Amino acid sequence: MTETVKIGLLGCGNVGAALVELINERREAIEASTGLSLVVSAITVRSASKARPGISSDLLTTDSKAVVADDDIDIIVEVIGGIEPARTLILDALGSGKPVVTANKELLANFGTELYAAADAAGVDLLFEA
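What you see is a predicted model; the values in this text were computed from it and never measured. (Residues numbered from 1 in each chain as written. Predicted model: local features only at pLDDT ≥ 70, side-chain atom pairs only at ≥ 80, totals over all residues. Heavy atoms only, no water.)

**As for the pattern of salt bridges**
When charged atoms on two side chains of opposite charge get close, those side chains can pair. Under the defined criterion, the tally for this structure stands at 2 salt bridges. Put simply, Arg-87 and Glu-114 hold a salt bridge, and the shortest N to O gap is 2.8 Å. Of this pair, Arg-87 sits in helix 3 (residues 86-95) while Glu-114 sits in helix 4 (residues 105-122), and the two are 27 residues apart along the sequence. One continuous salt-bridge network, built from bridges that share partners, spans Glu-84, Arg-87 and Glu-114. (Salt bridge = Lys/Arg side-chain N within 4 Å of Asp/Glu carboxyl O. Helix = DSSP H or I, 4+ residues; strand = E, 2+ residues; numbered from the N terminus.)

**With respect to the environment of Ser-37**
You can see Ser-37 is positioned in strand 2 (residues 36-44). In this structure Ser-37 comes out as buried when scored by relative accessible area, which is 13%. Each C-alpha atom of the pair Ser-37 and Thr-2 lies 6.5 Å from the other, and the pair is 35 residues apart in sequence. Non-local contacts of Ser-37, meaning those with residues more than four positions away in its chain, are made with Thr-2, Glu-3, Thr-4, Val-5 and Glu-31. (Buried < 20%, exposed > 50% of the residue type's maximum accessible area, 1.4 Å probe, protein only. Contact = heavy atoms within 4.5 Å.)

Okay, structure coming up:
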């Protein structure tokens with residue numbers, strides 16, 4: 001039986017767009033090997049009017065807080081970089097019981113202790129990949 005995992009993606013620059021493409025290209029293989037169907041349900045961007053080839057404009061929003069707070073989102077992937085608003089958004093996601101994956105090395109280097117403590121307190125994972 002396949003379980004659907006709905007992803008809220010914070011950021012759609014080079015890394016975010018490549019992640020969406022990779023998920024779409026490898027969907028069947030991921031599902032076959034894990035039993036998970038990964039679905040990017042929302043993508044936060046600075047400008048929803050910018051063309052993003054291969055990405056449905058229906059997924060785009062400029063409201064990062066709404067994506068983090070959305071009860072239908074199972075996991076948050078943060079690829080916006082920098083310290084703020086990434087730190088606050090990750091803390092909010094962890095506080096609401098959502099696991100987070102980040103590519104933000106700068107944030108983890110400066111606030112990793114705080115973020116991992118928040119993840120531990122919420123009983124969810126904070127993972128990183130870049």
